[in-house]
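The lines below spell out each chain.
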Amino acid sequence: MTVRQITTASLKQLKNTVIGNPSAKLALARDTAFIHSLVDCLNHPPTSGEPQTSQDDIRIEAAHVISSISYGSEAALAGLLRANALQAIVRSLSNPQALAITSLKSALARALRVLASAIIEVTGPTLGPMRIYSAQFRSEAKLALSYLFEFDCLDVYLPLLADSSTQTSVAIAQLIGAAVRTEVHRTVVIEWVPRSDRLREVTFRRGWERSGAVHVTTRHGSWVIRTLIAMIQKKDLKACSFAQDAALCAMAALALDNPPVATALARVPTDGAASHLASVLSLTKSRVTDVQLSASLCVTNIIRAQANNHPGMVDPAAALTVIQVLNRILISPSESAQNQTKACHTLCSYLSLHRHAKALKFLAVLLVRDEKDICIEVYDRGLLANVAALVKSITPLDKPSDWDIDESESRVILREAALMAIASIALFDRVIKRDVADNIQLIPLFRECLGHKSVGVRVAACQCIRALSRDAAIIRTNLTDSGAGLALYQVFKKEDEDPRVIFATLAVVCNLVNDFSPLRPAMLSDGLLPRLMWLSRSEDQEIRMGVLWALKNLLCKSSLATKQMVMTHLGWTHLAELVNDVDPQIQEQAFCILRNLAEEEEGILFLFDSMGEDLVAACISTGLDSSSELVTRETAYFLGNLSNGTRAQQDIIFTHPPILDLVHACMADGKSGTTARARRGGVRVHVEALV
């Protein structure tokens, strides 16, 4: 192996070599010794009799090389993490000598930002294209990300947000905007205050009071929020728009799903000055498109967070401004793919349907009036038509099957974002779904994208079909006649498919197996049940939940032959185990299955003959005694179905002492006015029908 000499000139040459060159990055990543030497240079540059300025130049160029190789190569990023590059950068930034050199300080801040941005794309939730990473690599990235948000680490780089160097402060703002994507990280950043402020607070504490950090906030939010506001409002920066863009993205990340911060930003000061929300809203009219988009995202996250506490209270003027900005960017032929992708992501955030959370959780999406009205408003303003035209323009349907092989990454990312936006708009309203299917005719495009090489595009296409499959008429006609339903089912059957795609297809299958679906018999005869049973052994809890949800829908209004087929694969013993699972959500779905098995007399007879009266009674006792209201309610529904059986079957259940005692307890709880018992009071109405 060639020994690389580390000098300022060699590092500059290496930096120019690896930029935009994946093969060069991979070759460099394989040189483990050099990667470790490169990282060591940040704090211990080689000494060869050269002056201090030369050593500082080496550290600057080493930081630039680390920035260059952080993106685009899993091997390179993994090598940097194993060499503790993140810790080395933070340690170097904590050195007062490094902070005294502006160029070195800004290079280190940029390297920290780039490395953090690359790490968050591995750990997720990701806003970029979905990629496949090994479990070990994800684990290493999670450890590095956890270190980045430790309190001592925050003490090193967050003060640089107020640094006199624009490049340094912008890099830290960009880091916050890129890396803060979870509630935990959002909280620690918002609650952080400078060490001097904490020490000042401690001097006023009594000796007997508990020691520790005290998080100080003002009526305008935390120190970080106030500093970001100052960055947005400054007019004397040489790169004003650049700083505003970074600060707006950071504030958007901190305001996401955060009502306290959103309320503070939207509050009008007592002196009559404009609110910070109004100031941000004014920047949506900036001459710089990046600032327009960042301001739109920031406004979106603020008004959506406010609506979380007060459904139906979205600021109509602010919402209309955001819609106009997004519409203009989406229809402009001169806009870059990157800006149009940002517009689609902002649209998804505006609709409060995030790919990494709500968009994939068919169990957690709640039909609140606020979100449905927003979807209709977006549709009426023409955003759906514009996004559809955009995705049609970049997705050929009349080219060879390998059309996506040499496609640019920017176009792939744009297609994924546009499809997710379409799925978000069409999720709730029937008129919008039918416009997508009948008038805009996007189903052939969705079907084509199911076979795309990109995992993210396949997931987004599944989400679009899932949105349409929430309408029975579209399942009976468009999804069946076009072949899109069965095409998605074939993706669902692939054993080597990415788990994220499997989860997305499973959500659609849950809709396609309902009794009104013409595709139910075809899927049953094509290995549906063996595939579901194979997935039920997955370690992914959400996939297990999806399997039970599909079985529940499959059994609803089904024939006795279908019930027998399902239970042959599922097994009565396994069903009883699910009833006693430690997860209440699993228990709830298990009782849904029992309820649908017992929806008519022959099903009740099949249930008792196969399961046995003692086991049935034991399951009912478990459900009625559950601490989960949802489990108890489903048990009451199941018990209500059993009460429609023969007198002998009723006697088996209602002569069982534990069941009677638990039924009485549910009814008594329903009549009680205490808060502790009111939680299960909703079950009472279902139980009274049995008596």
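Residues numbered from 1 in each chain as written. Predicted model: local features only at pLDDT ≥ 70, side-chain atom pairs only at ≥ 80, totals over all residues. Heavy atoms only, no water.

*Asks:* Can you help me understand the overall build of the chain in this one?
*Replies:* The helix and strand tally for the chain stands at 42 helices and zero strands. Burial status across the chain gives 55% buried among its 691 residues. Within the chain, contacts between residues at least 6 apart in sequence are counted, and of these 72% link residues at least 24 apart. For the chain, the exposed surface amounts to about 30,000 Å²; the carbon and sulfur share of it is 52%. (Helix = DSSP H or I, 4+ residues; strand = E, 2+ residues; numbered from the N terminus. Buried < 20%, exposed > 50% of the residue type's maximum accessible area, 1.4 Å probe, protein only. Contact = heavy atoms within 4.5 Å. Areas by Shrake-Rupley, 256 points an atom, 1.4 Å probe, with all protein chains shown as cover.)

*Asks:* Help me out: how do you make sense of the packing of helix H36 (residues 601–611) against helix H39 (residues 647–654) in this one?
*Replies:* Geometry of a packed helix pair, given as the angle between the helix axes and the separation of the axes. Look at H36 against H39: their axes get within 11 Å of each other, and the N-to-C directions meet at 50 degrees. Classified by the interaxial angle, the pair formed by H36 and H39 is oblique. Seen from above, H36 lies across H39 with left-handed handedness. Residues Ile604, Leu605 and Phe608 of H36 touch H39, and the partners they reach there are Gln649, Ile652 and Ile653. In terms of residue class, the contact of H36 with H39 is made up of five nonpolar, one polar and no charged. (Axes fitted to C-alpha atoms, helices over the stretch in contact; angles between N-to-C directions. Parallel < 35°, antiparallel > 145°, perpendicular 65-115°, else oblique. Left-handed = near helix turned anticlockwise from the far one by under 90°. Nonpolar A, V, L, I, M, F, W, Y, C, P; charged D, E, K, R; others polar.)

*Asks:* Please explain the environment of Cys666 as it appears in this structure.
*Replies:* One can find Cys666 in helix H40 (residues 657–671). Along the chain, Cys666 and Arg633 lie 33 residues apart, while their C-alpha atoms are 9.9 Å from each other.

*Asks:* Help me understand the pattern of salt bridges, please; the structure alone is not making it clear to me.
*Replies:* It is possible for side chains of opposite charge to pair when their charged atoms get near one another. Scanning all chains against the criterion turns up 19 salt bridges. With its nearest N and O atoms 3.3 Å apart, the salt bridge here joins Asp471 to Arg430. Placement of Asp471 in the loop between helix H26 (455–468) and helix H27 (472–481) and of Arg430 in helix H24 (residues 430–439) is noted, with a sequence separation of 41 residues between them. The exposure class of Arg430 is exposed, given its relative accessible area of 53%. (Salt bridge = Lys/Arg side-chain N within 4 Å of Asp/Glu carboxyl O.)

*Asks:* How should I be thinking about the side chain of Gln340 in this particular structure?
*Replies:* Mapped onto the secondary structure, Gln340 falls in helix H20 (residues 337–350). Judged by relative accessible area, which is 7%, Gln340 ranks as buried. Residues in contact with Gln340, not counting those within four places in the same chain, are Ile329, Leu330, Ser332, Glu335, Leu390 and Leu414.

*Asks:* When you look at empty space enclosed by the protein in this model, what are you seeing that I'm missing?
*Replies:* Summary: where empty space remains is shown by rolling a probe the size of a single water molecule over the atoms. Tallied over the full model, the rule gives two cavities of 30 Å³ or more. The space that makes up the second largest cavity amounts to roughly 40 Å³. Forming the walls of the second largest cavity are Ile229, Ile232, Gln233, Met251, His276, Ser279 and Val280. Of all the elements in the fold, those that place two or more residues in the lining of the second largest cavity are helix H14 (223–233) and helix H17 (276–282). Residue composition of the lining of the second largest cavity, grouped by class: four nonpolar, three polar and no charged. (1 Å grid on protein atoms, 1.4 Å probe; cavity = no way out; pocket = protein on both sides within 12 Å on 5 of 7 lines; lining within 4 Å. Points joined across faces, edges and corners; volume = space filled by probe spheres on them.)

*Asks:* Explain helix H1 (residues 8–18) to me, please; I cannot follow it from the model alone.
*Replies:* Along an α-helix, a turn takes 3.6 residues, which lines up residues three or four apart on a common side. Among the residues making up H1, those that are buried are Thr8, Leu11, Leu14, Lys15 and Val18. Projected down its long axis, H1 shows its buried positions confined to an angular sector of 125 degrees, all on one face. Away from its buried face, by an angle of more than 90 degrees, H1 presents the exposed residues Ala9, Gln13 and Asn16. Positive backbone phi, approximately 70 degrees, marks Gly20, located one or two places after H1. (Arc of directions from axis to C-beta.)

*Asks:* Quick question: what am I supposed to make of helix H35 (residues 584–597) here?
*Replies:* Over its 14 residues, H35 runs 20 Å from end to end, which matches the ideal 20 Å to within 8%, given 1.5 Å per residue. Regarding H35, the residues found buried are Ile586, Gln587, Glu588, Gln589, Ala590, Phe591, Cys592, Ile593, Leu594, Asn596 and Leu597. Its buried side turned inward, H35 meets helix H32 (541–555), helix H33 (560–570), helix H34 (572–579), H36, helix H37 (613–624) and helix H38 (629–642). Between the side-chain oxygen of the N-cap and the backbone nitrogen of Gln585 there are 3.0 Å, and the N-cap of H35 in question is Asp583. (Expected span 1.5 Å × (residues − 1). Polar contact = N/O pair within 3.5 Å; in protein donor to acceptor, adjacent residues only side chain to side chain.)

*Asks:* Help me understand the nonpolar core, please; the structure alone is not making it clear to me.
*Replies:* It is characteristic of soluble globular proteins that their nonpolar side chains tend to be buried jointly. Counting residues in hydrophobic clusters, the biggest one holds 232 residues, and the most contacted among them are Leu148 and Phe446. Of all the elements, helix H8 (residues 102–123) adds the most residues to this core, at twelve residues. Setting aside its immediate chain neighbours within four residues, Phe446 contacts Leu419, Ile422, Val436, Ala461, Cys464, Ile465 and Leu468. (Core = buried A, V, L, I, M, F, W, Y, C linked by side-chain atoms within 4.5 Å.)

*Asks:* What am I meant to see in the state of the cysteines here?
*Replies:* In a disulfide, the sulfur atoms of two cysteines are covalently bonded to one another. This structure, assessed with the given rule, holds zero disulfides. Cysteine Cys449 is unpaired, with the sulfur of Cys464 as its nearest cysteine sulfur at 8.2 Å. (Disulfide = S-S within 2.5 Å.)

*Asks:* In this structure, what is going on with the packing of aromatic side chains? I would like to understand it.
*Replies:* The tally for this structure, following the rule as stated, stands at four aromatic pairs. Ring geometry for Tyr133 versus Phe137: centroids 5.7 Å apart, planes at 65 degrees, classification edge-to-face. Here Trp192 and Trp223 contribute two aromatic rings whose centre-to-centre distance is 5.3 Å and whose plane-to-plane angle is 75 degrees, an arrangement assigned as edge-to-face. Of this pair, Trp192 sits in the loop between helix H12 (183–191) and helix H13 (195–202) while Trp223 sits in helix H14, and the two are 31 residues apart along the sequence. There is no split in this pair, since Trp192 and Trp223 are both buried. The side chain of Arg531 reaches across the aromatic face of Phe492, ending 5.6 Å from its centre. (Phe/Tyr/Trp six-rings, centres within 6.5 Å; stacked < 30°, edge-to-face > 60°. Lys NZ or Arg CZ within 6 Å of the ring centre and 35° of its normal.)

*Asks:* How should I be thinking about the side chain of Ser517 in this particular structure?
*Replies:* Take Ser517: it is sitting in the loop between helix H29 (499–512) and helix H30 (519–524). Classification of Ser517 by relative accessible area gives buried; the value is 4%. Those residues in contact with Ser517 that sit more than four places away from it in its chain are Ile475 and Leu512.

*Asks:* Where do I start with the environment of Tyr157 in this structure?
*Replies:* As for its placement among the helices and strands, Tyr157 is situated in helix H10 (residues 151–157). According to the relative accessible area criterion, Tyr157 is buried, its value standing at 1%. With 67 residues separating them in the primary sequence, Tyr157 and Val90 have C-alpha atoms 7.4 Å apart. The contacts of Tyr157, once residues within four sequence positions are left out, are Leu112, Leu148, Phe149, Ile172 and Leu175.

*Asks:* What is the right way to look at unusual backbone geometry in this model?
*Replies:* Note: most peptide bonds trans; most residues except glycine with negative phi. For Asn84, which is not glycine, the phi dihedral falls at a positive 60 degrees. Overall, Asn84 belongs to the partly exposed group, its relative accessible area being 42%.

*Asks:* Which parts of the structure should I look at to understand the environment of Thr284?
*Replies:* You can see Thr284 is positioned in the loop between H17 and helix H18 (289–309). The class for Thr284 is buried, based on a relative accessible area of 3%. Through-space distance from the C-alpha of Thr284 to that of Ala295 is 5.4 Å; in sequence the pair is eleven residues apart.

*Asks:* What exactly am I supposed to notice about the confidence of the model for the chain here?
*Replies:* It should be kept in mind that the predicted coordinates are not to be read in detail where pLDDT is low. Residues with a pLDDT of 70 or more make up 86% of the chain, whose mean pLDDT is 83. Under a pLDDT of 50 for its full length, residues 208–221 has, in the predicted model, 21 contacts with residues more than four places off or in other chains. (pLDDT = per-residue confidence, 0-100.)

*Asks:* I would appreciate a short explanation of the packing of H32 against H35 in the present structure.
*Replies:* Here H32 crosses H35 at 15 degrees, and the two axes come no closer than 8 Å. On the basis of their axis angle, the class for H32 and H35 is roughly parallel. For H32 against H35, the interelement crossing comes out left-handed. Touching Gln541, Arg544, Met545, Leu548, Trp549, Leu551, Lys552 and Leu555 of H32 are Gln585, Ile586, Gln589, Cys592, Ile593, Asn596 and Leu597, all from H35. Here the residues of the contact of H32 with H35 sort into nine nonpolar, four polar and two charged.

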